[in-house]
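# Fold and contact review
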Amino acid sequence: EALENIRNAVEILGVDFLFFKTDFIKDIFSKIIKTNAKAVICHPCSIWYMDLAFKIAAKFDIPIIIAGWTKGQSTKQPLMSKCGCNIHQSEFSSMAESTREFLNKHIKTDPKYKDFPISMEEVLIRAKKRHKSIVLSPHWFLPFGSEVYVETIKKELKWKYPKLSYPAYSTNCMMNFVSVYLSMKHYGYTHYHVEMSKLIRIGELSRDEALKMLEINFDLNFVNSILNKIGCSLDF
């Protein structure tokens, strides 16, 4: 579904499209499951794809990287110098510590991952040495909410919502279901709960809307059907 949306967009807009497929990050996902780590699956993934994005920007002399982080995920800045969630918020402290512990214990010590950044801060430090590209998240600058621009991209770019997603009406990958299941198990909430709480406080979302979007509409059987594709599973 994601690839169909992208192909429609690049065909209509007439822009270049680079597609990367790797088993590298899948191996990290399976390590998290097999070691029973409390690391949040999304964090190593975001480190990997942002490091890759900065490398591509440097290779092709691209000045701006457009990101999709929402107002609930990021802090309003003239330009987005940081990437994704602010892991230093108190709500993320346990998640961040568990992820850091996993990366140091199982990734940093493995020769296969000798060049893998251990944190987003390390990604940004490396990026600044390569190239002066900046990260910009348009959600902060658009004078309207997603309900407006979603209708625009549906009409102009043939964009479609995925049939399955969490939270509702999002475009997250299938491994996100695993990440959500484990976060609820280990912490009792996910980073989406933190993000939507922020949106409620700034008047972008009502509490009832947030609760509806955050309803868990999948179970362990569904999670294991995803994990089977990378050769692991969770116990009942």
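Residues numbered from 1 in each chain as written. Predicted model: local features only at pLDDT ≥ 70, side-chain atom pairs only at ≥ 80, totals over all residues. Heavy atoms only, no water.

### Some words on the nonpolar core
Note on soluble globular proteins: their nonpolar side chains tend to be buried together. Applied cut-off: Here the nonpolar core consists of buried residues drawn from Ala, Val, Leu, Ile, Met, Phe, Trp, Tyr and Cys, with membership extended through side-chain atoms lying within 4.5 Å. Relative accessibility thresholds used throughout: buried, under 20% of the residue-type maximum; exposed, over 50%; partly exposed, between the two (1.4 Å probe, protein chains only). Going along the chain from the N terminus, every DSSP run of H or I of four or more residues is numbered as a helix, and every run of E of two or more is numbered as a strand. Working rule for contacts: check all heavy atoms of both residues, and any pair within 4.5 Å makes them a contact.
Core analysis: the largest hydrophobic core is formed by 47 residues, its most contacted members being Ile33, Ile41, Phe54, Phe102, Met175, Val178 and Leu227. Secondary structure elements with two or more residues in this core: helix H2 (24–34), helix H3 (42–59), helix H4 (93–107), helix H5 (120–130), helix H7 (175–187), helix H8 (191–201) and helix H10 (220–227). Not counting chain neighbours up to four residues away, the residues in contact with Met175 comprise Phe29, Ile41, Ile226, Leu227 and Ile230. Formed by five residues, the second largest nonpolar core is a distinct cluster that contains Val40, Phe92, Tyr187 and Val194.

### So, the environment of Leu205
Relative to the helices and strands, Leu205 is located in the loop between H8 and helix H9 (207–213). By relative accessible area, Leu205 is classed as buried at 17%. Leu205 sits 96 residues away from Thr109 along the chain, and the two C-alpha atoms are 43 Å apart. Sequence-distant contacts of Leu205, that is, excluding residues within four places in its chain, are made with Met196, Leu199, Ile200, Ala210 and Met213.

### Examining the environment of Ala168
Following the sequence through the fold, Ala168 ends up in the loop between helix H6 (146–157) and H7. Measuring from C-alpha to C-alpha, the distance between Ala168 and Glu215 comes to 8.2 Å, with 47 residues separating the pair along the chain.

### Re the state of the cysteines
Linking two cysteines covalently through their sulfur atoms gives a disulfide. Note the cut-off: Criterion for a disulfide: a pair of cysteine sulfur atoms at a distance within 2.5 Å.
What the rule picks out here adds up to zero disulfides. Free of any disulfide, Cys42 has its nearest cysteine sulfur in Cys173, 6.6 Å distant. Exposure remark for Cys42: the relative accessible area of 23% places this residue in the partly exposed category. Cys173 supplies the cysteine sulfur nearest to Cys232, a cysteine that is in no disulfide, at a spacing of 14 Å.

### What to know about H6
What counts, and what does not: Multiplying 1.5 Å by the residue count of a helix minus one yields the expected span of that helix.
Its twelve residues give H6 an end-to-end C-alpha distance of 15 Å, which sits within 8% of 16 Å, the value for a rise of 1.5 Å per residue. Phi for Lys158, located one or two positions after H6, is positive at around 60°.

### Thoughts on the pattern of salt bridges
Filter applied, for reference: We count a salt bridge whenever a side-chain nitrogen from Lys or Arg sits within 4 Å of a carboxyl oxygen from Asp or Glu.
Summed over all chains, the structure comprises twelve salt bridges. The salt bridge partner of Asp51 is Lys55, with a shortest N-O separation of 3.3 Å. In this pair, Asp51 and Lys55 both sit in helix H3, four residues apart, roughly one turn of the helix. Residue Lys55 is classed as partly exposed on the basis of its relative accessible area, which comes to 40%. Residue Lys154 is joined to Glu151 by a salt bridge in which the shortest nitrogen-to-oxygen separation is 3.5 Å. On the criterion of helical spacing, the pair formed by Lys154 and Glu151 is a turn pair, its members being three residues apart in helix H6. The partly exposed category is assigned to Lys154, whose relative accessible area is 33%. Under the relative-accessibility criterion, Glu151 is labelled partly exposed at 48%. Each of the salt bridges in this network shares a partner with another, and the network as a whole consists of Asp51, Lys55 and Arg130.

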